[in-house]
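Each chain, written out:
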Amino acid sequence: MNTDRKAHWAVRQSALPAVVRPCPDCPGTRHRASGRIRVNASGKLLDVWLLLSCAACDRTSKVPVHERVHVSSLEPARLVAYENNDFAVVRELTMSASLATKNGYRLDWSGTWALETRTPLYALDDPTPLTVVVGFELPAPVRVERLLMLGLGLSRGAVRRMVGDGRIRLPLAPDAKAHRDFELTVHGPGSVDAAKHAKPLGAPTEVRTDARSDARTDLGHAESHDAPRPWSRSATA
Ligand SMILES: [Zn+2]
């Protein structure tokens, strides 16, 4: 029953990403969301822009979100959100990878997140495997290795050793960048050796006992289901 050690880590948003593109007025390239969206109507056609501010000179610049779209093609609630500078929509547009691609700029995610670990300290030498569920509040690309260093309080070298030894098992490479939820497991020291060499002799024996008793129960059912058969057979004989 001790197979359920589980921890939850959350990549929490602490800021919006910066938009990186040249400023026409100064040598700066970093822009932050101003928190505003501009809607311009010309008859039934609308233009919608996300407004940015240059981090260096504060110049306002515009990112086109919709250009000359018919008013009926936008959800009314969406239009209201644009008109009210709805923060959720500002956030969504500022983080949008497709808007960045469409408009030829890059997003800088540094300083946008912090790791929150709800389980304070784990005994890393506990032989029971620990499952860590990593949840992302924002799609910030975070190097897996860095998450492990922060979450486990270990050096890069220690993390690499544990990954190399199979004590930390990951669904992606340690130097890959994750940006959505995933799970990893941390195994106690010796657990890898135990798994390799001692499986038939160690703790799994208990598990097998359980399995056997289950099997017995199943057999019991099978026997009672099959019970009429021997009778019919004996009847034939
Ligand atoms: Zn500027």
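Right above here is the structure, for reference.
Since we're looking at a predicted model, the values are computed, not measured.

Following both chains from N to C, one finds helix α1 (residues 76–83) and helix α2 (residues 87–95) inclined at 90°, their axes separated by 8 Å at the closest point. As far as their axial angle goes, α2 and α1 are roughly perpendicular. Contacts between α1 and α2 involve Arg-78, Ala-81 and Tyr-82 on the former and, on the latter, Val-89, Glu-92 and Leu-93. For the contact of α1 with α2, the per-class residue count stands at four nonpolar, no polar and two charged.

The subject of this paragraph is the pattern of salt bridges. Applying the stated criterion across every chain yields a total of nine salt bridges. The salt bridge partner of Glu-116 is Arg-12, with a shortest N-O separation of 3.1 Å. Here the residue Glu-116 occupies a position in strand β7 (residues 113–117), and Arg-12 occupies one in strand β1 (residues 5–13), the gap between them amounting to 104 residues. A salt bridge links Glu-137 to Arg-12, with the shortest nitrogen-to-oxygen separation between them at 2.9 Å. With Glu-137 in the loop between β8 (130–136) and β9 (142–143) and Arg-12 in strand β1, this residue pair connects regions lying 125 residues apart in the sequence. For Glu-137, a relative accessible area of 35% gives the class partly exposed. Looking at Arg-12, the relative accessible area reads 29%, which means it is partly exposed.

The next point concerns the coordination of the zinc ion. Bound to the zinc ion on the protein side are Cys-23 (SG), Cys-26 (SG), Cys-54 (SG) and Cys-57 (SG), at distances that span 2.3 to 2.4 Å. The site at the zinc ion holds four donor atoms, and with the angles between them running 104 to 115°, its shape is tetrahedral. Sequence spacing among the residues donating to the zinc ion works out to C-x2-C-x27-C-x2-C. For the pair Cys-23 and Cys-26, a shared accessibility class is recorded, and that class is buried.

This brings us to the packing of helix α4 (residues 144–152) against helix α5 (residues 156–164). One way to put it is that α4 packs onto α5 with a least axis distance of 9 Å and a crossing angle of 110°. For the element pair α4 / α5, the angle class is roughly perpendicular. Contacts between α4 and α5 pair Glu-145, Leu-148 and Met-149 from the former with Arg-156, Val-159, Arg-160 and Val-163 from the latter.

Right, let's talk about the nonpolar core for a bit. Val-11, Val-134 and Leu-147 are the most contacted members of the largest nonpolar core, which has 45 residues in total. Each of two domains, domain 1 (5–13 + 112–194) and domain 2 (18–108), supplies a minimum of three residues to this core. Contact partners of Val-134, with chain neighbours within four places excluded, come to Trp-9, Val-11, Leu-147, Asp-181, Phe-182 and Leu-184.

Rules used throughout
Numbers given for residues are sequential positions, taken from 1 along each chain in its written order. Only residues with pLDDT of at least 70 get local features here, since the model is predicted, and only at 80 or more are side-chain atom pairs given and counted; chain-wide, interface and lining totals rely on the full set of residues. Water and hydrogen atoms play no part in the side-chain values, which are based on all heavy atoms of the structure. Convention adopted: a line fitted to C-alpha atoms gives each axis, helices being fitted over their contacting stretch, and angles between N-to-C directions are expressed from 0 to 180 degrees. Helix and strand labels come from DSSP, where a helix needs a run of H or I of at least four residues and a strand needs a run of E of at least two; each type is numbered from the N terminus. Put simply, angles under 35 degrees are roughly parallel, angles over 145 are roughly antiparallel, angles from 65 to 115 are roughly perpendicular, and the rest are oblique. By definition in these notes, contact holds between two residues if any of their heavy atoms fall within 4.5 Å. Note on residue classes: Ala, Val, Leu, Ile, Met, Phe, Trp, Tyr, Cys and Pro are nonpolar, Asp, Glu, Lys and Arg are charged, and everything else, Gly too, is polar. Any Lys or Arg side-chain nitrogen located within 4 Å of an Asp or Glu carboxyl oxygen qualifies as a salt bridge. Relative accessible area decides the class of each residue, using a 1.4 Å probe on protein chains only: under 20% of the type maximum gives buried, over 50% gives exposed, and in between gives partly exposed. We call an atom a donor if it is N, O or S and sits within 2.8 Å of the metal, or 3.2 Å for Na, K and Ca. Water is not counted, so some sites may look partial. Geometry is assigned from donor-metal-donor angles: four donors are tetrahedral when every angle falls between 85 and 135 degrees, four are square planar and six octahedral when opposite donors sit over 155 degrees apart with all other angles between 65 and 115, and any other arrangement is irregular. Among buried residues, those of type Ala, Val, Leu, Ile, Met, Phe, Trp, Tyr and Cys that are joined through side-chain atoms within 4.5 Å constitute a nonpolar core. Domain ranges listed in this record stem from an automatic or a database domain assignment.

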